[in-house]
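# Observations on chain architecture
Next come the chains, spelled out residue by residue.
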Protein chains: 2
Amino acid sequence: MSDQPSKRKAKKQKIFKPKARTPRGFRDMAGAELRLQNHMLDTISKVYESFGFEALDTSAFEYADALGKFLPDDDRPNEGVFALEDDDGQWMSLRYDLTAPLARHVAEHYDRLPKPLRRYQFGTVWRNEKPGPGRYRQFMQIDADTVGAGNQAADAEICMMAADCMEALGIQRGDYVVRINNRKIMDGLLEAVGLDLAADDYESRRLTILRAMDKYDRLGLDGVKALLGEGRKDESGDFTKGAGLDEVQIDKVAQMVTISADNRTDVLKRMAALVQGTQSGKQGLDELVEMAAIFTKLGYQTDRLKIDPSIVRGLGYYTGPVYEIELTFEAEDDSGELARFGSVGGGGRYDDLVKRFKGIEIPATGISIGVSRLAAALTLLGKGDAGAADPLVVVTVMDKDTRTDLMALVGDLRAEGIRAELYMGDSAMKAQLRYADARGARLVVIEGEDERAKGEVTLKDLRLGAEKSAEIDDNAEWRASEHAQKQVAKADLVAEIKKIIS
Amino acid sequence: MSDQPSKRKAKKQKIFKPKARTPRGFRDMAGAELRLQNHMLDTISKVYESFGFEALDTSAFEYADALGKFLPDDDRPNEGVFALEDDDGQWMSLRYDLTAPLARHVAEHYDRLPKPLRRYQFGTVWRNEKPGPGRYRQFMQIDADTVGAGNQAADAEICMMAADCMEALGIQRGDYVVRINNRKIMDGLLEAVGLDLAADDYESRRLTILRAMDKYDRLGLDGVKALLGEGRKDESGDFTKGAGLDEVQIDKVAQMVTISADNRTDVLKRMAALVQGTQSGKQGLDELVEMAAIFTKLGYQTDRLKIDPSIVRGLGYYTGPVYEIELTFEAEDDSGELARFGSVGGGGRYDDLVKRFKGIEIPATGISIGVSRLAAALTLLGKGDAGAADPLVVVTVMDKDTRTDLMALVGDLRAEGIRAELYMGDSAMKAQLRYADARGARLVVIEGEDERAKGEVTLKDLRLGAEKSAEIDDNAEWRASEHAQKQVAKADLVAEIKKIIS
């Protein structure tokens, strides 16, 4: 009967061999990068929770009609999302952010939710966009929103919380700032420059102007002015049509975006001058004044929370305060030049999103932090190993018959709180040491035959070994070095390991 | 100019109002349920990490050809997955488990990965199946796998780790057991009963027999026998075609699934008798003997890790040891009858999955724990509040002009490590107390006008209040009760709150 398995094998047909690859624009995450991400999610969640925000995890899919079309810089319906038709003919889309699903969630469960609702959510979002270097079609966001509070204390709270998040992650005061503006002031400005609110193309011109202003930090004043006027040709030769404002109008808008002062009161005064006589402008200013008073009372100075009229945000749905978290330290940009690191998140007040479903006004304000941008920033700041695991001990296997005993040894180390693992393959010692290296192990335990008889093991310090080998030219000399490894009685192993890794 | 905003409003057309609902078979998760889930993921991750498993997070999408078709009980290609065509014409599917993506990941990055690779992953998986009560199309799994280790120490380690996970979650010894079998023994059994390995329908008959055996706990011996023979009609009248074994064959298979003994050695002996003379059977037995020796050496007794020939697992791809985590305490099942809670996860050795891509054998073994089943179990065991947040203090707002001061008060409480939040809406005190209740707050702070003048606040203990109100018939009496609330000088507030919640 012993030949039957091979008969079975012979019967197998040639099988299609797929190529192992992640889909275009997608990737796996592991190791230090994933540890850092989990550390960030954990840290930010804790800050959000300390402010009374409760975790929510919405479904990955939404009905396409419920999701709406609120992608930034995208006015085409259903472009930019991954959608599929369910077997009952309804179209479902993978969420492209966490705000639209929140609006759906609140509308669906409105009666039984605490009001106002403070909720936070971290989760994967998907965008069906053209992938590029560092540009993926799946990424992670961590949002916090207050739904059902129309007052500016709710906006102020989220701005302060954003600042606290940065510091909880170890980003020092001065290396970040939350910049704050108000869409109503921008509407007041458009009114003040004489834009015709009744014109058919008002909404689209308004968005064009807002998005032009929002590009001040990236394009500079000339770029913004071009986009406010006839349009702008970028370096690649692509032409972006402008908002068609005249010189005088452009000048006034330019005055707004270039207002800069360290004192919140001064900034507000200069903004007021530009929107004088408009109701929207006055309302927006009142809201910012209220927020600024809260910041001052709670000790959040201008180095952390700044009023900045050049912050507009790209999304069409904001109705009041908007805010953006900017990292201000310098780093090399894509073209290798030193520049401010830039935005890692932002948000604002969106009082109409839930209304889409409910028909009644339900005010809301919230922030979204982009996890991968922030992770890149932390890495640049030398905090990329945050969330790293404890030092690892790898126990090798010289003689397979001792494996069970060595598993027991590993169990003993683990019981003592030492992160330890047994080499689980069947290769020789050289491969096992390579394995320990690849695993980033701090210590390796080797039990040779003679040692076993004596009740001893060899304890090898890979970090010390690496340091020594950098100092010592001669390889043989390094091997002979007694510093990187020593004989230890099994009874003393736990104490010895603890001494080294502490 | 003040009438312009209303002109704008008038211009708006009637907008389509979507119905707020999660897609069919999907749901949101929040509150205690989400906290419990996060607590479980955290606890299990820590156990996995202590064994040297490293976190991995694969892409949600896989190319359909890379994913293959390994859904349990499903031999139809691409049924049961959510798939869509990318704009370059390639089909992508959302992962339906975490094993197939691991095989793809290992094949893709084989050269740079440590070998063997211990990895764990928790993540959402999607199945395009008919939803039903408690049956969702999106759920969470937490897997651990060792890839590149062909020996049974790797299988044994995962079984021990599964047992440790249950205890780390607070499930007591005796309330769970990991049941272990080996597919090779099952193949030996089929050989021993004279199944023709060379027959064209061998593979499909083999799977039919294995799945019949796997249903022993659910259908009992008669049910299994029917499925091994002509077939079985269930209560709804649906007929499932059987494997077509004869009486003698059925009897031998039945002997196998009903073997039961508390002693691992005894079970192995009785299994050996049924597969005598077969190479597969001998190999499978040797493997189980080796695993049992490790369990015994490391002190994992039969109450935790049991050899059980009725454990077969539904998946076609297992090649060696298979294991299942069963919760043994009794709970009401769907029909209201008391029954063992049952399986919360399982796995086994699958030496061929990576081979699909690489062409070379890369042995692997791993386990998958279903998070929602396990959460349901923990809730039944009275551990549903695991991971609960600290007691919450809600500060109410009597007079809106004091809101900024009260925000500062909340900030002070938070700085002292007290979870505190300000009521952020604009409603009256009654709604604010309802809010505090809905938020599950332990304490409420109220600052009335007179109190403000005196530098005092009222501290209301909602839990004590609820207890008192259960004792006291008269509502007025309860309101007057001094136990549930007291006046506290603002300077003593932190100390007073800490005294109550500690």
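Provided above is the structure to which this section pertains.
Residues numbered from 1 in each chain as written. Chains lettered and ligands numbered in written order. Predicted model: local features only at pLDDT ≥ 70, side-chain atom pairs only at ≥ 80, totals over all residues. Heavy atoms only, no water.

On to the overall build of chain A. Looking only at helices and strands, chain A features 19 helices and 19 strands. For 502 residues, the compact-globule estimate of 2.2 N^0.38 gives 23 Å, and the C-alpha radius of gyration of chain A, at 30 Å, exceeds that figure by more than 25%. The dimensions of chain A, computed from C-alpha atoms along their principal axes, are 95 × 60 × 55 Å. Burial statistics for chain A: of 502 residues in total, 54% are counted as buried. Taking the intrachain contacts of chain A between residues at least 6 apart in sequence as the baseline, contacts between residues at least 24 apart amount to 69%. Of the roughly 22,200 Å² of accessible surface on chain A, a fraction of 47% belongs to carbon and sulfur atoms. Of note, chain A has its 72 positive side-chain charges centred 4 Å away from the centre of its 85 negative side-chain charges. (Helix = DSSP H or I, 4+ residues; strand = E, 2+ residues; numbered from the N terminus. Rg over C-alpha atoms; globule rule 2.2 N^0.38 Å. Buried < 20%, exposed > 50% of the residue type's maximum accessible area, 1.4 Å probe, protein only. Contact = heavy atoms within 4.5 Å. Areas by Shrake-Rupley, 256 points an atom, 1.4 Å probe, with all protein chains shown as cover. Lys, Arg positive; Asp, Glu negative; His and termini not counted. Charge placed at Lys NZ, Arg CZ, Asp CG, Glu CD.)

Our focus in this paragraph is the relation of the copies chain B and chain A. The two copies are related by a screw motion: chain B maps onto chain A through a turn of 180° and a shift of 0.0 Å along the axis, at an RMSD of 0.1 Å. The two molecules are tied by a two-fold rotation axis, judged by turn and shift. By C-alpha distance to the rotation axis, the residue of chain B lying nearest is Leu84 of chain B, at 3.2 Å. The fraction of interface residues of chain B whose copies in chain A are also interface residues reaches 99%, indicating that both copies meet through the same surface. (Least-squares fit on C-alpha atoms with pLDDT ≥ 70 in both.)

All right, on to the interface of chain B and chain A then. How big an interface is tends to be stated in terms of the accessible area lost upon association of its parts. Every contact between the two is made by 106 residues of chain B and, on the other side, 106 residues of chain A. If you look at where chain B meets chain A, you find 24 salt bridges. Notably, a salt bridge pairs Arg118 of chain B with Glu421 of chain A, separated by 3.2 Å at the nearest N-O pair. Our count for the contact surface shared by chain B and chain A stands at 46 residue pairs in polar contact (both at pLDDT 80 or more). Top contributing element to the side of chain B that touches chain A by residue count: helix H14 (residues 403-415) of chain B, with six residues. Of the residues contributing to the side of chain B that touches chain A, the split by class is 45 nonpolar, 22 polar and 39 charged. Relative to strand E1 (residues 29-30) of chain B, strand E2 (residues 54-57) of chain A runs antiparallel, the two sharing two bridges. Counterpart to Asp57 of chain A in the pairing with E1 of chain B is Met29 of chain B. (Salt bridge = Lys/Arg side-chain N within 4 Å of Asp/Glu carboxyl O. Polar contact = N/O pair within 3.5 Å; in protein donor to acceptor, adjacent residues only side chain to side chain. Nonpolar A, V, L, I, M, F, W, Y, C, P; charged D, E, K, R; others polar. Pairing = 2+ DSSP bridges.)

This part covers the packing of helix H2 (residues 31-50) of chain B against helix H5 (residues 152-168) of chain B. All names here are of chain B. In the contact formed by H2 and H5, the axes pass within 9 Å of each other and the chain directions differ by 140°. Considered as vectors, H2 and H5 are oriented oblique to each other. In the crossing of H2 with H5, the sense of the turn from one axis to the other is right-handed. Along its contact with H2, which presents Thr43, Ile44, Val47 and Tyr48, the element H5 presents Met161, Asp164, Cys165 and Ala168. Class assignment for the residues of the contact of H2 with H5 results in six nonpolar, one polar and one charged. (Axes fitted to C-alpha atoms, helices over the stretch in contact; angles between N-to-C directions. Parallel < 35°, antiparallel > 145°, perpendicular 65-115°, else oblique. Left-handed = near helix turned anticlockwise from the far one by under 90°.)

Further remarks concern H2 of chain B. The α-helix advances 3.6 residues per turn, and as a result positions three or four apart in sequence lie on the same side. All names here are of chain B. Across its 20 residues, H2 extends 29 Å between first and last C-alpha, which sits within 8% of the 28 Å expected from 1.5 Å per residue. Among the residues of H2, those classed as buried are Leu34, Arg35, Leu36, Gln37, Met40, Leu41, Thr43, Ile44, Ser45, Val47, Tyr48 and Glu49. Backbone geometry just downstream of H2 places Gly52 in the positive-phi region, at approximately 90°. (Expected span 1.5 Å × (residues − 1).)

The next subject is the pattern of salt bridges. All chains considered together, the criterion is met by 88 salt bridges over all chains. In this structure, Asp86 of chain A and Arg137 of chain B form a salt bridge, with 2.6 Å as the shortest nitrogen-oxygen distance. Linking Asp86 of chain A in the loop between strand E4 (83-85) and strand E5 (91-94) with Arg137 of chain B in the loop between strand E6 (117-126) and strand E7 (138-147), this pair reaches from one chain into another. Taken individually, Asp86 of chain A and Arg137 of chain B each receive the classification buried, so the pair is uniform in this respect. Two residues, Arg104 of chain B and Glu62 of chain B, come together in a salt bridge whose shortest N-O distance is 2.7 Å. Separated by 42 residues along the polypeptide, Arg104 of chain B in helix H4 (residues 99-108) and Glu62 of chain B in strand E3 (residues 61-63) bring together distant segments of the chain. Per residue, the accessibility class of Arg104 of chain B equals that of Glu62 of chain B, and both read buried. Ionic contacts of the salt-bridge type, sharing partners, join the residues Arg35, Arg419, Glu421 and Arg439 of chain A together with Glu49, Glu54, Arg118 and Glu157 of chain B into one network.

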